[in-house]
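The primary structure of each chain is shown beneath.
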Amino acid sequence: MKRIKFLILLLPLLSGCYNYRELNELGITTAVSIDYKDNNFYVIAEVINPIKQQDASSSNNSPFINYNSSSSSLQDAFRKVVLESPRQLYAAQLEIIVLSEEVVNNHLEEVLEYFARDPESRTEIKIIVAKTEDSTKAITLQTLLTSLSSSNIINSLDLQSKVLGMSYPVTLNELLNMYIDPYLEVVLPSMTLYGNYEIGDEKENITTSSPKAIVKIDGSTITKDNKILGYLDLEESKILNLINGKLKETIIKMNYYDGYIIFEPNRIKVSRELDIKNNIIKINISGYSKTKEIQSNINLKDPKEVEKLNKALNMELEKKITDTFNSIREKYGTDVFGFQELYYRTNYKYFKEICTNWYEDIYPKIKLEVKANVRLYEKGNTLGGLRYERKNK
């Protein structure tokens, strides 16, 4: 009985939180930008203005505040923000990390170590590469359609991935896996800041229909041994994502007869099979496609014409995949397709015996066999095509 009374007396002492902090002591951080020069990390942190968003707008206050800091280590650089901020940075709401080329090339391990070890950081944080030095200032811009510059970047990144398929959003957890796995090369989305970031930091940037500074999502950043080799263009990025099974929806233009046709492939599924002894990778593409625009004299009321068009679409996809793979391999010499890991997972013992010199003996000799089976299912409102309807009225 005495033990029970003693435990009851202890209960109030066990109800607290060991790391409790008051909300008004925290600077809710939604984005950070990291650059490295002159032996120092230069960081920018986007912190939400604690004033209510409606009050901030009505009083012409910015909905966010940017803090700049620098030091020889990331830990020290972020801690030094308190020298000008009355609140300590709180990373539990961090949404995006912007990295300069210098950081990706020479200091990526330090960045990953810092954020992976921080218990407040989430593994769903998005990572993006700034293609120019000014682009690291992208999180300082005032933007028209979103109150936070971080939301503007993330929303654009996610939306283009869904409807265009150019750059696949990469999370901190996915980047960690690519960096740690010796059989994967790092692939990241990229962005560029256009205009004057100093003007973009001011309210005038959102008082006009044509902002003086904007951020644009660009193609995929490709690397080899964690060094940036270059950036893919729109079409190359789309095909890379298609091969890697990360394409959700996109637009494809195909020349046809006396014009061209625009397709919208969607619900794409990709399977990859390896004939390891013959060095052949079989890629099977399935899915559906809408016909979005017809600038050619064809009659889609004719089932035979539709079947012929469908076959041409699949042949076009097969050619694009093969040509893009060969082009990227020849130009950059890096395996951003994850084929080395495919070999490793398919036959571990064979891989260890035969594939010791991947980039010299195996990768240059890989052959692709692509089979596309994408079905047309929607033709739009004008069934025959305007050019055909006009000529055959």
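Residues numbered from 1 in each chain as written. Predicted model: local features only at pLDDT ≥ 70, side-chain atom pairs only at ≥ 80, totals over all residues. Heavy atoms only, no water.

## Notes on the overall build of the protein chain
Reasoning step 1: Across its full length, the protein chain carries 14 helices and 14 strands.
Reasoning step 2: A total of 393 residues make up the protein chain; the buried ones form 48% of that total.
Reasoning step 3: Partitioning the intrachain contacts of the protein chain with sequence separation of at least 6 by distance along the chain shows that 71% fall at a separation of at least 24.
Reasoning step 4: Taken as a whole, the protein chain presents about 21,100 Å² of accessible surface, with 50% of it coming from carbon and sulfur. (Helix = DSSP H or I, 4+ residues; strand = E, 2+ residues; numbered from the N terminus. Buried < 20%, exposed > 50% of the residue type's maximum accessible area, 1.4 Å probe, protein only. Contact = heavy atoms within 4.5 Å. Areas by Shrake-Rupley, 256 points an atom, 1.4 Å probe, with all protein chains shown as cover.)

## Some words on the sheet that holds strand 11 (residues 252-256)
Reasoning step 1: Strands sit in the order 11-12-13-14 across an open sheet of 4 strands; the sheet is mixed. Strands with a single pairing partner mark the edges of an open sheet, and in this sheet they are strand 11 and strand 14 (367-378). Between one strand axis and the next, the sheet turns through 40° on average, direction left out of account.
Reasoning step 2: Pairing of strand 13 (residues 280-295) with strand 14 involves 11 bridges; the strand directions are parallel. If you follow Tyr288 over to strand 14, its bridge partner there is Arg375.
Reasoning step 3: The strands that helix 10 (residues 303-332) touches are strand 11, strand 12 (259-275), strand 13 and strand 14; relative to strand 14, the one it contacts most, it runs at about 145°.
Reasoning step 4: Strand contacts of helix 11 (residues 339-346): strand 12, strand 13 and strand 14, with the helix running at about 35° to strand 12, the strand carrying the most contacts. (Pairing = 2+ DSSP bridges. Axes fitted to C-alpha atoms, helices over the stretch in contact; angles between N-to-C directions.)

## Considerations on the pattern of salt bridges
Reasoning step 1: The full count for this structure, using the stated rule, is 12 salt bridges.
Reasoning step 2: When the shortest N-O distance is used, the salt bridge between Lys80 and Asp76 registers 3.7 Å.
Reasoning step 3: According to the relative accessible area criterion, Lys80 is partly exposed, its value standing at 35%.
Reasoning step 4: In this structure Asp76 comes out as partly exposed when scored by relative accessible area, which is 30%.
Reasoning step 5: In this structure, Lys292 and Glu264 form a salt bridge, with 4.0 Å as the shortest nitrogen-oxygen distance. (Salt bridge = Lys/Arg side-chain N within 4 Å of Asp/Glu carboxyl O.)

## Looking at the packing of helix 5 (residues 108-117) against helix 7 (residues 172-180)
Reasoning step 1: Their axes nearest at 11 Å, the elements helix 5 and helix 7 cross at an angle of 130°. As far as their axial angle goes, helix 7 and helix 5 are oblique. The handedness of the crossing between helix 5 and helix 7 is left-handed. Of the residues in helix 7, those touching helix 5 at Leu108, Glu109, Leu112, Phe115 and Ala116 are Leu172, Leu175, Leu176 and Tyr179.
Reasoning step 2: Taken together, the residues that form the contact of helix 5 with helix 7 break down as 8 nonpolar, no polar and 1 charged. (Parallel < 35°, antiparallel > 145°, perpendicular 65-115°, else oblique. Left-handed = near helix turned anticlockwise from the far one by under 90°. Nonpolar A, V, L, I, M, F, W, Y, C, P; charged D, E, K, R; others polar.)

## Overview of the nonpolar core
Reasoning step 1: Core analysis: the biggest nonpolar cluster contains 50 residues, and Phe339, Tyr343 and Trp358 have the highest contact counts within it.
Reasoning step 2: Here this core takes 9 residues from helix 10, the largest share from any one element.
Reasoning step 3: Residues contacting Trp358, with those up to four places away along its chain left out, are Asp335, Phe339, Gln340, Tyr343, Phe351, Tyr363, Pro364 and Ile366.
Reasoning step 4: If you look at the next biggest cluster of nonpolar residues, it comprises 36 residues, including Ile34, Val47, Leu172 and Leu188. (Core = buried A, V, L, I, M, F, W, Y, C linked by side-chain atoms within 4.5 Å.)

## Some remarks on helix 7
Reasoning step 1: Where helix 7 is concerned, the buried positions are Leu172, Leu175, Leu176 and Met178. Down the axis of helix 7, the buried side of the element spans an arc of 165°, and every buried residue falls inside it.
Reasoning step 2: Packing partners of the buried residues in helix 7 comprise helix 5, strand 6 (126-130), strand 7 (170-171) and strand 8 (187-195). (Arc of directions from axis to C-beta.)

## Looking at the environment of Lys320
Reasoning step 1: Looking at the element boundaries, Lys320 is found in helix 10.
Reasoning step 2: Separated by 85 residues in sequence, Lys320 and Glu235 place their C-alpha atoms 9.1 Å apart.
Reasoning step 3: When residues no more than four places from it in sequence are discounted, the contact partners of Lys320 are Glu235, Ile239, Ile252 and Lys253.

## Here we look at the pairing of strand 8
Reasoning step 1: Of all the 9 residues making up strand 8, 7 are buried; the element is thus mostly covered by neighbouring parts of the structure.
Reasoning step 2: Sheet analysis places strand 6 next to strand 8, joined by 2 bridges and oriented parallel. The residue of strand 8 that forms the bridge with Ala130 is Met191.
Reasoning step 3: Examined bridge by bridge, strand 8 and strand 9 (residues 213-224) share 8 bridges and lie antiparallel to one another.

## Notes on the environment of Ala213
Reasoning step 1: Note on placement: Ala213 falls in strand 9.
Reasoning step 2: Judged by relative accessible area, Ala213 falls into the buried class, the value being 3%.
Reasoning step 3: As for Ala213 and Thr143, which are separated by 70 residues in sequence, their C-alpha atoms are 8.9 Å apart.

## Section: the packing of helix 9 (residues 234-243) against helix 10
Reasoning step 1: The geometry of helix 9 relative to helix 10 is characterised by a closest axis approach of 10 Å and an angle of 105° between their N-to-C directions. Here helix 9 is positioned roughly perpendicular relative to helix 10, judged by the angle of their axes. Across the interface between the two elements, Glu235, Glu236, Ile239, Leu242 and Ile243 of helix 9 pack against Leu317, Lys320, Ile321, Thr324, Phe325 and Ser327 of helix 10.
Reasoning step 2: Partitioning the contact of helix 9 with helix 10 into residue classes produces 6 nonpolar, 2 polar and 3 charged.

## Concerning the side chain of Glu46
Reasoning step 1: For Glu46, the location among the structural elements is in strand 2 (residues 40-48).
Reasoning step 2: Buried charge Glu46 goes without a salt bridge, the closest partner of opposite sign being Arg122 at 11 Å.
Reasoning step 3: A distance of 2.4 Å separates a polar atom in the side chain of Glu46 from a polar atom in the side chain of Thr30.
Reasoning step 4: Filtering out sequence-adjacent residues up to four positions away, Glu46 remains in contact with Ile28, Thr29, Thr30, Ala31, Phe64, Ile65, Asn66, Ile139, Leu148, Ser149 and Ser150. (Lys, Arg positive; Asp, Glu negative; His and termini not counted. Polar contact = N/O pair within 3.5 Å; in protein donor to acceptor, adjacent residues only side chain to side chain.)

From the geometry alone we can't say anything about function, so treat these as descriptive.
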